[in-house]
Amino acid sequence: MSKLTSLTIAEARTSLKERKFSSLELTEAYLAAMEQARILNAYIVETPGRAREMAKASDARLAKGEGGALEGIPLGIKDLFATKGVHTQAASHILDGFEPPYESTVTANLWREGAVMLGKLNMDEFAMGSSNETSYYGNVINPWRRRNSNAALVPGGSSGGSAAAVAAHLCAGATATDTGGSIRQPAAFTGTVGIKPTYGRCSRWGIVAFASSLDQAGPIARDVRDCAIMLKAMASHDPKDTTSVDVPVPDYEAMLGRPIKGMRVGIPREYRVDNMPADIDALWVKGAQWLKEQGAEIVEISLPHTKYALPAYYIVAPAEASSNLARYDGVRYGLRVKGDDIVSMYENTRAAGFGREVQRRVLIGTYVLSAGYYDAYYVRAQKVRTLIKRDFDEAWNRVDVVLTPATPSAAFAPGEITDPVQMYLNDVFTVTVNMAGLPGISVPAGLDPAGLPLSLQLIGKPFGEVTLFQVGHAIEEAAGRFEAPVWW
Amino acid sequence: MMNSEARVADPKDWIKGATGDWEIVIGMEVHAQVLSKSKLFSGASAEFGGEPNDHVSFVDAAMPGMLPVINEYCVAQAVRTGVGLKAKINRRSVFDRKNYFYPDLPQGYQISQYKQPIVGEGTVTIDLEGGRQVDVGIERLHLEQDAGKSLHDQHPDMSFVDLNRSGVALMEIVSKPDMRSADEAKAYVSKLRQIMRYLGTCDGNMEQGSLRADINVSVRRPGAGFGTRCEIKNVNSIRFMGQAIEYEARRQIDVLEEGGTIDQETRLFDARKGETRSMRSKEEAHDYRYFPDPDLLPLDLEESWIAEIERDIPELPDAKKARLMQAYGLSAYDAGVLVAERASAEFFESVARGRDGKLAANWLINELFGRLNKEGKAIEESPVSAGQLGEIIDLIQAGTISGKMGKDVFEIVWAEGGSPAAVVEARGMKQMTDTGAIEAAVDAIIAANPDKVAQVKAKPTMLGWFVGQVMKSTGGKANPQSVNDILKIKLGI
């Protein structure tokens, strides 16, 4: 049975259609794998009952020759997505016991296409973190280890559960979200592929909000094709989210394998940051070389405001978060810790319900929006954001896609980074993409000297996901695929 | 538009203090509930009443992951109101979050408009006693969400929250500090209410909280610079507004005359005691941390869409009043009474069309309104329709019935309905126009009262007694004018 879990979505899709095995069999294989891999702590909640029910329903449709694009495919769902009647807590204690009476648009789209839900995936609390160490439900362990080492590594964050589950074959694919790199960085740390689509491509309705102007849902999967299949199903225009955009969803998969000859690939000089490990720099050069060999034109470009992106991001995102998280007040749902009066109830509830990182960001956000600081911080950060967008707008006159490293390092050990600012630097290559609302994909491209996966990032024009899949696929073809040896 | 600070009150509105005269400066923030079936950002019902938490969607309860979607109808209502206030409609406006914690504010922020409201500067002309008019400047109008309601009397040591109102659309209409007396403030709110009721954008129902005001009051020596103001929160009746302003002005004058200074603060009006008291000082004021709501894109209005709304704006009270005066020869007072409500004016016009306008106005103001008032009925509920009233007036005009008889017919139609002409016919109420019959009745009275005949020659005003007798003997059906004329001839006076 364990072989079934090694199939990609595309492979399983074909076999399911040909009735080589049933969705129930495939689902059982994943449920068994999940049980065996609990040490990774990728799932917060497993939903075997629901999974089997959904699989049986898929089998019935498949038997009739019917079924959607993901018919019978077992997926893991990040705990940030509202799933009707199922634990949805953003890995936070403050949403203790919360089971929403509604389904997020993205997951509803997946179920409509026939996907099967295996459970809810661990993550950094409220998607705030780059190592999956802030979850109320404990750290997620990266399936990857350094060569000749038994030491645990972080899977990245915030979608650490999604990335670990995909890398360890505990689901065929997973939903994730990305506010500053939360899809692309954990995908890079686990040798998986993750795409953050253009802001507005996927509906945010029913996704617990972190920073509304930056949050975007996307898939993490084993390869570029699986990501293309999943994003096609997840994306939609949703009247319930006025920031979602009414642009038709293309058939991403159809673009895979098309030659990239003549494609202009930008290499932004500002991404060559201080203290960048040599292997990352080398990988970047190698990536450009592969694309050049396939006929692409490599163009050096400048994105001059890049260095302001991270500081500006850490103003905008906490500002929005401080307001978005105000609703967790103990009045209507989730945790309530009693107090002598309403104010002490608020204080007790929020002190007990939010972890340290969330509290830190709520405080930063409250500070930067305060009277007397608003103009100096929030307004200025918004101006930076406009300049970052303009940088890219100008770049699009010269190139079709931008190539950068995905992360400044490979996966690190839990507890290794304790300084929050040092932790925030993990997002240095990814935040600009969110600030500009652009799509970005992270594709595994090699291993570092310790045998850990490293990825390259491709940044596209608004709604240029098609190009990202096309070029990402070219990198994947050149680099090959990377799988964590099973130790759990 | 004149400079707000420069406007000096009518000296009769000055307040005499121990050290000289003072004038009041008033600006208002009126919160008007948008007349709409559903809430500003959710599909939930905006209806008044219902059991607690009957009208609450996931958005109104701020469930995780829920997003606001702007209600286009509410936006149209705000634009309509803006047009009614002769104000600038902003093609682009922005929704902001006003952040504060309160149990009846589920999101932890109110979605409002801060720096870029949907409506900019405008003017409202208020009507004061003696026909005096004053222009009050409008600073802005913006859309925002209402909060829910905390219920403190349901449980010994807990408070409950009712979110039925949470998310209902409000228009906050901010005036310039252009008012100079409690009467002006009251006239301003009445006028706003009237305009919005004409537009159908707010029902103006103050008992249900559809219209309430925060009042900024300061005092100064007539014509001096603005003084420090205090804000009286959430006053929900026009009468209370007058009381609150007068009390607050007096309080501030007393403080100043005793050598004190006014602290800028928020105050509450206690209607029971008729006084205002401090709620919180400026130092305690919230820092609302306003910032643009990232869940909502800026609101961009198409010029053509605004034009369509402008085209469909009904005739407003000022224009209607002027037209009624012109077209029907009404006095300013009568026209003012008739246009108080759009429905009354429309009722009037359907009665007056093709008839004597003054007569129609008299019938409405003296008979119909009096009767409706007595029974607490609105014009829409009038048992006598415009058609029926018109018919009564026609019967009088044609001389078929007398004016007095007309009132009887009105009462019968009020109570029993039916066509006035049929009522007159069926009950034999037709006026006697046959001069022969009237002459006979006159002759009979003259013959029966020789003593009175002698007296009337000396005192012609006694004619009235003869008229009364003839009317009585004819069951009120004789045409009073004919009776008069015939009596005069027969009595030789």
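Given the structure is predicted, the values throughout are model-derived calculations rather than measurements. (Residues numbered from 1 in each chain as written. Chains lettered and ligands numbered in written order. Predicted model: local features only at pLDDT ≥ 70, side-chain atom pairs only at ≥ 80, totals over all residues. Heavy atoms only, no water.)

> Hey, could you run me through the overall build of chain A in this one?
Along the backbone of chain A there are 15 helices and 11 strands. In terms of overall size, chain A behaves like a compact globule, its C-alpha atoms giving a radius of gyration of 21 Å where 488 residues would be expected to give roughly 23 Å. The dimensions of chain A, computed from C-alpha atoms along their principal axes, are 65 × 55 × 50 Å. Out of the 488 residues in chain A, the part that is buried amounts to 64%. For chain A, the share of sequence-separated contacts (at least 6 apart) that also reach a separation of at least 24 residues comes to 77%. A total of about 16800 Å² of accessible surface is found on chain A, and carbon and sulfur atoms cover 52% of it. (Helix = DSSP H or I, 4+ residues; strand = E, 2+ residues; numbered from the N terminus. Rg over C-alpha atoms; globule rule 2.2 N^0.38 Å. Buried < 20%, exposed > 50% of the residue type's maximum accessible area, 1.4 Å probe, protein only. Contact = heavy atoms within 4.5 Å. Areas by Shrake-Rupley, 256 points an atom, 1.4 Å probe, with all protein chains shown as cover.)

> Teacher, can you tell me more about the overall build of chain B here?
The helix and strand inventory of chain B stands at 15 helices and 16 strands. Against the globule reference of 23 Å for 493 residues, chain B gives a C-alpha radius of gyration of 30 Å, more extended than a compact globule. On the principal axes, the C-alpha backbone points of chain B span a range of 95 × 60 × 55 Å. Counting across all 493 residues of chain B, residues that qualify as buried make up 52%. Sequence separation of at least 24 residues holds for 69% of the intrachain contacts in chain B that already meet a minimum separation of 6. A total accessible area of about 22300 Å² is found for chain B, and carbon and sulfur atoms account for 50% of it.

> Would you explain the packing of aromatic side chains in this entry?
The geometry of an aromatic ring pair is captured by the separation of the ring centres together with the interplanar angle, meaning the angle of the planes. What the rule picks out here adds up to 29 aromatic pairs over all chains. On the numbers, 5.3 Å between centres and 45° between planes, the contact of Phe-98 of chain A with Tyr-333 of chain A is tilted. Placement of the pair is Phe-98 of chain A in the loop between β2 (74-78) and α4 (105-112) and Tyr-333 of chain A in the loop between α9 (306-324) and α10 (342-353), with a sequence separation of 235 residues. Residues Phe-41 of chain B and Phe-95 of chain B carry aromatic rings whose centres are separated by 5.3 Å and whose planes lie at 85° to one another, so their mutual orientation is edge-to-face. Of this pair, Phe-41 of chain B sits in the loop between β2 (20-33) and α1 (72-84) while Phe-95 of chain B sits in the loop between β3 (92-93) and β4 (96-99), placing them 54 residues apart in sequence. Feature note: the residues Phe-98, Phe-126, Tyr-328, Tyr-333 and Phe-354 of chain A constitute an aromatic cluster, connected by ring pairs. Against the face of Trp-205 of chain A rests Lys-240 of chain A, its NZ or CZ located 3.6 Å from the ring centre. Residue placement shows Lys-452 of chain B over the ring face of Trp-465 of chain B; its charged tip is 5.0 Å from the ring centre. (Phe/Tyr/Trp six-rings, centres within 6.5 Å; stacked < 30°, edge-to-face > 60°. Lys NZ or Arg CZ within 6 Å of the ring centre and 35° of its normal.)

> How do you make sense of the interface of chain A and chain B when you look at a structure like this?
A common way to report how large an interface is uses the accessible area buried once the components associate. Facing 38 residues of chain A, the contacting portion of chain B comprises 31 residues. Considering only the surface of chain A that becomes buried against chain B, Tyr-102, Thr-242 and Arg-327 of chain A emerge as the three largest contributors, covering 21% of it. Of the charged contacts, one joins Arg-204 of chain A and Asp-295 of chain B as a salt bridge, the two residues approaching to 3.1 Å between their closest N and O atoms. Between chain A and chain B we count 17 residue pairs in polar contact (both at pLDDT 80 or more) in total. Among the secondary structure elements, those contributing two or more residues to the side of chain A that touches chain B are α9 and α10 of chain A. Here the residues of the side of chain A that touches chain B sort into 20 nonpolar, 9 polar and 9 charged. (Buried area = accessible area lost by both parts, 1.4 Å probe. Salt bridge = Lys/Arg side-chain N within 4 Å of Asp/Glu carboxyl O. Polar contact = N/O pair within 3.5 Å; in protein donor to acceptor, adjacent residues only side chain to side chain. Nonpolar A, V, L, I, M, F, W, Y, C, P; charged D, E, K, R; others polar.)

> Would you explain the nonpolar core in this entry?
Most often, soluble globular proteins have nonpolar side chains that are buried together. All names here are of chain A. Of all hydrophobic cores here, the largest spans 173 residues; its most connected members are Leu-70, Phe-126, Leu-170, Leu-403 and Phe-469. Among the elements that take part in this core, α9 stands out by supplying 10 residues, more than any other. Discounting residues that sit within four places of it in the chain, Leu-170 has contacts with Tyr-30, Ala-33, Met-34, Ala-37, Leu-40, Ala-42, Tyr-43, Leu-118 and Ala-165. (Core = buried A, V, L, I, M, F, W, Y, C linked by side-chain atoms within 4.5 Å.)

> Honestly, the packing of helix α7 (residues 342-352) of chain B against helix α8 (residues 357-375) of chain B in this entry has me stumped. Any pointers?
In a packed pair of helices, the relevant descriptors are the angle between the two axes and the axis-to-axis distance. Residues and elements named next belong to chain B. At a closest axis distance of 9 Å, the pairing of α7 and α8 adopts a crossing angle of 135°. By the angle class used here, α7 and α8 are oblique. Taken as a pair, α7 and α8 cross one another with a handedness that is right-handed. Facing Ser-344, Phe-347, Phe-348, Val-351 and Ala-352 of α7, the residues of α8 in contact are Gly-357, Ala-360, Ala-361, Leu-364, Leu-368 and Phe-369. Tallied by class, residues from the contact of α7 with α8 come to 9 nonpolar, 2 polar and no charged. (Axes fitted to C-alpha atoms, helices over the stretch in contact; angles between N-to-C directions. Parallel < 35°, antiparallel > 145°, perpendicular 65-115°, else oblique. Left-handed = near helix turned anticlockwise from the far one by under 90°.)

> Explain the pairing of strand β9 (residues 401-405) of chain A here, please?
One face of the sheet, then the other: side chains in a regular strand alternate in exactly this way. All names here are of chain A. With respect to burial, β9 is a largely interior element, 5 of its 5 residues being buried. The pairing of strand β7 (residues 264-268) with β9 spans 2 bridges and is classified as parallel. Bridging from a neighbouring strand, Val-265 pairs with Val-401 of β9. Relative to strand β11 (residues 453-460), β9 runs antiparallel, the two being bridged by 5 bridges. In the sheet register, Val-401 faces β11, and the bridge partner there is Gly-460. (Pairing = 2+ DSSP bridges.)

> Looking at this model, I keep getting lost on the pattern of salt bridges. Mind explaining?
In total, this model carries 60 salt bridges over all chains according to the counting rule given. The partner of Arg-361 of chain A in a salt bridge is Glu-357 of chain A, and the shortest N-O contact between them spans 2.7 Å. Placement of the pair is Arg-361 of chain A and Glu-357 of chain A together in helix α11 (residues 356-368), with a separation of 4 residues, close to one helical turn. As far as the burial class goes, Arg-361 of chain A and Glu-357 of chain A line up, both buried. It is possible to trace a salt-bridge network through shared partners that takes in Arg-7, Asp-10, Lys-12, Asp-13, Arg-132 and Glu-184 of chain B.

> Just to check I follow, could you spell out the side chain of Thr-8 of chain A for this structure?
Inspection of the secondary structure puts Thr-8 of chain A in the segment before α1 (9-17). Ignoring anything within four residues of it in the chain, the contact list for Thr-8 of chain A reads Arg-222, Asp-223, Asp-226 and Arg-481 of chain A.

> Looking at this structure, how should I read the pairing of strand β8 (residues 297-301) of chain A?
All names here are of chain A. Bridging between β7 and β8 involves 5 bridges; their strand directions are parallel. Looking at β8, one finds that Gly-266 is bridged to Val-299. Taken together, β7, helix α8 (residues 278-293) and β8 constitute a β-α-β crossover, and its handedness is right-handed. (Right-handed = clockwise from strand over helix to strand, strands pointing away.)

> When you look at the sheet that holds strand β5 (residues 109-112) of chain B in this model, what are you seeing that I'm missing?
Pairing between the strands of a sheet comes from backbone hydrogen bonds, and it takes one of two forms, parallel or antiparallel. The 3 strands lie next to each other as β5-β4-β15 (chain B), forming an open sheet whose pairing is antiparallel. One side of each edge strand has no neighbouring strand; the edge strands of this open sheet are β5 and β15 (291-292) of chain B. Here β4 of chain B runs beside β5 of chain B; their pairing, made up of 4 bridges, is antiparallel. Across the sheet, the residue bridging to Arg-97 of chain B is Ile-111 of chain B, located in β5 of chain B. Together, β4, β5 and β15 of chain B form the strand contacts of α9 of chain A, whose direction differs from that of β4 of chain B by roughly 60°.

> Explanation requested: the environment of Cys-202 of chain B in the structure shown.
Residues and elements named next belong to chain B. Tracing the chain through its elements places Cys-202 in the loop between α2 (182-199) and β11 (211-220). For Cys-202, a relative accessible area of 1% corresponds to the buried category. The spacing of Cys-202 and Gln-33 is 169 residues in sequence and 5.8 Å in space, taken between C-alpha atoms.

> Sorry, what's going on with the sheet that holds strand β4 (residues 173-178) of chain A here?
All names here are of chain A. If you walk across this open sheet you meet the 11 strands as β1-β3-β2-β4-β6-β5-β10-β11-β9-β7-β8, and the pairing is mixed. Strand pairing shows two members of the sheet lacking a second neighbour, β1 (43-46) and β8, which therefore form its edges. Within this sheet the neighbouring strands show an average axis-to-axis angle of 30°, counted without direction.

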